[in-house]
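Now for the letters of each chain:
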Amino acid sequence: MATRKILGAALAAFAFAAPACAWAQVRIAYIDPLSGAMGATGEHGLRELEFAIEAINAKGGVLGQKMAVVPMDNKLSSQESLNLLKSAIDQGIRYVSQGNGSAVAGALIDAINKHNERNPDQAVVYLNYAAVDPDFTNDKCSFWHFRFDANTDMKMAALTDYLKDQKKVSKVYLLNQDYSHGHQVSKVAKAMLAEKRPDVKVVGDELHPLARVKDFAPYIAKIQASGADTVITGNWGTDLSLLVKAAKDANLKADFYTYYGGTVGVPPAMGDAGIDRVKVVSYWSSNSMNAAGQVVQDAYRKKYGADQDPYSQSIRISAEFLVRAMEKAKTTNPVAVAKAMEGMKVDGPFGEITMRAEDHQLIQPMFIATFVKAGGPLKYSADGTKEYAFRADARVEAAAAARPTTCKMKRP
Amino acid sequence: MELFLTSLLNGVTYGLLLFMLSSGLTLIFSMMGVLNFAHASFYMLGAYFGYVISTHVGFVPALLIAPLVVGAIGALIERYGVRRAHASGHVAELLFTFGLAFLIEEVVHLVWGKSPVPYKVPAALDGPLFTVFAATFPTYKAFMMAVSVGMLIALYAVLTRTRVGLVIQAALSRPDMVEALGHDVPKLFMLVFGGGVALAALAGVIGGNAFVTEPGMAAAVGTIVFVVVVVGGLGSLMGAFVASLAIGILQTFAIAIDWKVPGFERLTVSQTAPVLPYLIMVLILIARPRGLMGTRET
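- As recorded in an unreviewed UniProt entry, chain B goes by High-affinity branched-chain amino acid transport system permease protein LivH and comes from Usitatibacter rugosus.
- Here is the UniProt Subcellular location (unreviewed entry) comment for chain B, exactly as written: "Cell membrane".

- Labelled according to an unreviewed UniProt entry, chain A appears under the name Leu/Ile/Val-binding protein, originating from Usitatibacter rugosus.
- In the Sequence similarities (unreviewed entry) part of its UniProt record, chain A is described as follows: "Belongs to the leucine-binding protein family."

Put into structure tokens, the structure is as follows:
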């Protein structure tokens, strides 16, 4: 009698459990550093992606399926990333998200191209949220790659358009990381400065090891000795927070024009020394968004803390594009989804955003913002701080932010 | 001239920091012959403990408490781990401390997460101390330099002017005889290991807020401390000091030089700066295995 009751309960439990299996999953592999010097940067991106996915699942998921993020720590290594990609593919994952490190991105694009060519029925799509090497949407463009950040050409164009009108700029020092991203920033900066401000001298062009410099004091000494009044850098992660910290310690008077001045670790490192002197070019400007954008930002800050800035809009928007493409294509099949994503338009927090069909580069508004004291109209503070914020000084509309492409894409 | 003096100042500062980091390893690796691969991990633990203690109690108490706590942890690790591995030879010691480094990093991940913690320089020591041309020199760096020199003096005094120090040095070359004379050599080694670890932790308390306190900080400095000890020579505290300064100054000046190497037009001396210490180590091992002031070969 007791046995029959237990057995009955067990069967009932199984019966109740059964419907849970109906929730099939769309999984996204997140391949980025989650440990080491740049671990914090990767962790931030992961958090924002999970935040976006949670919001999607809360509304029922996509095509009756839940979405899930599978975090994979690549330790900022291309080789490790390729191993993880293979592991993701073996697990049946068909969507990859990555952004930190153009060297890693290049390796992933190459590997995914090869894999998709050999295994067309197991195609993988790569959502790039922060690797900004222009080649990925120009000579090395791929049908399987979609970039949701502005590329270096776009960022530097916006930055130099702004810098063109800054009369006090006369000597510029370029300081970048010694790898593909840093090389691109340096090259494009010199080209655009020569074009827009031939009177400006480039008094230094320095490359330092990626994620390995502990003390930037020697580099700051060189900048001071050069007499530069402006530093342009594409540094990110601890390479930027340590750089601005050393600049502050040495009382370097130059202004900083950065790509990533608002990212994790940097605003607290700058402190008062950064006020009115550090500028950032970004698709993100937390105090410039429309009402819908503010709702999302408020939800994020409520969940993670009032001083946490959801600056990786690119990764949140990549999730939204993915979902809409799946709904449009009425399938989660990567080939159909990729085709649906081409040319797709979405209303973003700063206006309409378009995934340009010809090269898979997202076209969106951009901002030049300056680090200042928070308060007044600057309701949202800079990441990791309560007393500082970024004030948007210039806005570049989406159409103006777009740059021509040399992409001649080969489509399946 | 401006760049020269500023670079010299930066070089000495960096060199003294290297000494702070490597003085503990000099004790352990030089005196005991233990290849403590986890040395930099104790530096990291010191930084995190320094952060926690200074947040609750203050920076000055952290300077005392964190090294003591981490040193005690180090002593326990020697007592129940290294000592057993030692009986199996150098390879076992190496692998034990190698695994220990990963273990410590993972524990730090679990306790404090992967992001940097907001470990700030204390307000009393924040700000410029003096100016060299256009550059200000931070008060805190001067503090770091003072502590580093203090470490050297204190270590030298202990090793050469106290009974404990003399016994330690004697135990290095004739452990059996020292034991026969009635000294507890295993306990002595435990104290040396704990002391070396405490020195690393002290460097962590001081270096953690000057740079960044995050789980990757151990890996960032892990290898350079071995270079210092090897170049300086085993068994020589003064050697470690001289090697630290030499490497710090050389590396800093290399960064200051933008001269392109003939035949490698894309490469400047500045870009080779990070690898120079290792080049020096290789050359030292080839030409002078005892290092600058070593008393025995590596």
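From this point on, the discussion continues.
A closer look at a nonpolar patch on the surface
And step 1. There is a patch of nonpolar side chains on the surface, built from Met1, Phe4, Leu5, Leu8 and Phe133 of chain B and spanning about 510 Å² of accessible area.
And step 2. Position of Phe133 of chain B among the secondary structure elements: in the loop between strand S1 (128-132) and strand S2 (135-138).

Some words on the interface of chain A and chain B
Reports of interface size often rely on the accessible area that becomes lost once the parts have come together.
And step 1. Taken together, the contact pairs 26 residues of chain A with 30 residues of chain B.
And step 2. Each partner contributes to the roughly 2,600 Å² buried at the junction of chain A and chain B, and carbon and sulfur atoms together form 57% of this total.
And step 3. When the area that chain A buries against chain B is broken down by residue, the three leading residues are Lys214, Lys222 and Asp249 of chain A, summing to 22%.
And step 4. At the junction of chain A with chain B, the criterion picks out 1 salt bridge.
And step 5. We note a salt bridge from Asp215 of chain A to Lys141 of chain B, for which the minimum N-O separation is 3.3 Å.
And step 6. Counting across the interface, chain A meets chain B through 11 residue pairs in polar contact (both at pLDDT 80 or more).
And step 7. If you list the elements that add at least two residues to the side of chain A that touches chain B, you get helix H2 (39-58), strand S7 (201-208), helix H7 (217-226) and helix H8 (238-249) of chain A.

Some details on the sheet that holds strand S12 (residues 351-355) of chain A
Across a sheet, strands are paired by hydrogen bonds formed along the backbone, either parallel or antiparallel in direction.
Residues and elements named next belong to chain A.
And step 1. One open sheet accounts for 3 strands, arranged S11-S12-S13; its pairing is antiparallel. Looking at the sheet topology across the chains shown, the edges are occupied by strand S11 (345-348) and strand S13 (362-363).
And step 2. In the sheet, S11 pairs with S12 via 4 bridges, with the strands oriented antiparallel. Note that in S12 the partner of Gly348 across the bridge is Gly351.

Some details on the environment of Val337 of chain A
All names here are of chain A.
And step 1. Structurally, Val337 is set in helix H12 (residues 334-341).
And step 2. The exposure class assigned to Val337 is buried, which follows from its relative accessible area of 0%.
And step 3. For the pair formed by Val337 and Leu322, sequence separation is 15 residues and the distance between their alpha carbons is 7.4 Å.
And step 4. Apart from residues no more than four positions distant in its own chain, Val337 is found in contact with Tyr95, Leu322, Ala325, Met326, Ala329, Thr331 and Thr332.

With respect to the domain arrangement of chain A
Residue and element names in this part refer to chain A.
And step 1. According to the domain assignment, chain A contains domain 1 (2-150 + 292-363) and domain 2 (153-282).
And step 2. Using C-alpha coordinates to define each centre, domain 1 is positioned 31 Å away from domain 2.
And step 3. Counting residues at the interface gives 20 residues for domain 1, matched by 18 residues for domain 2.
And step 4. A buried area of about 1,500 Å², summed over both sides, lies between domain 1 and domain 2, and 67% of it is on carbon and sulfur atoms.
And step 5. Among the residues of domain 1 in contact with domain 2, Met38, Pro134 and Tyr311 are the three that bury the most area, contributing 32% of the side total.
And step 6. Across the pair Lys155 and Asp149 runs a salt bridge, and its minimum N-O distance is 3.2 Å.
And step 7. Across the domain 1-domain 2 interface, the total number found is 4 residue pairs in polar contact (both at pLDDT 80 or more).
And step 8. When residues of the side of domain 1 that touches domain 2 are traced back to their parent elements, those giving at least two are H2, helix H4 (102-118) and S13.

Observations regarding the state of the cysteines
All names here are of chain A.
And step 1. By the definition in use, this model includes 1 disulfide over all chains.
And step 2. Shown here is the disulfide that connects Cys141 with Cys407, its sulfur atoms set 2.2 Å apart. On the sign convention where negative is left-handed, the bridge of Cys141 and Cys407, at about 85° about the S-S bond, is right-handed. Remark: Cys407 occurs in the segment after helix H13 (398-401) and Cys141 occurs in the loop between strand S4 (125-128) and strand S5 (145-147); sequence separation between them is 266 residues.
And step 3. Judged by its relative accessible area of 14%, Cys141 falls in the buried class.
And step 4. A relative accessible area of 12% places Cys407 in the buried class.

Criteria and cut-off values
- Residues numbered from 1 in each chain as written.
- Chains lettered and ligands numbered in written order.
- Predicted model: local features only at pLDDT ≥ 70, side-chain atom pairs only at ≥ 80, totals over all residues.
- Heavy atoms only, no water.
- UniProt positions renumbered as here; feature names shortened; annotations may be inferred.
- Patch = residues over 30% accessible without salt bridge, like charges linked within 9 Å, V, L, I, M, F, W, Y side chains within 5 Å.
- Areas by Shrake-Rupley, 256 points an atom, 1.4 Å probe, with all protein chains shown as cover.
- Salt bridge = Lys/Arg side-chain N within 4 Å of Asp/Glu carboxyl O.
- Helix = DSSP H or I, 4+ residues; strand = E, 2+ residues; numbered from the N terminus.
- Contact = heavy atoms within 4.5 Å.
- Buried area = accessible area lost by both parts, 1.4 Å probe.
- Polar contact = N/O pair within 3.5 Å; in protein donor to acceptor, adjacent residues only side chain to side chain.
- Pairing = 2+ DSSP bridges.
- Buried < 20%, exposed > 50% of the residue type's maximum accessible area, 1.4 Å probe, protein only.
- Domains from an automatic or database assignment.
- Disulfide = S-S within 2.5 Å.

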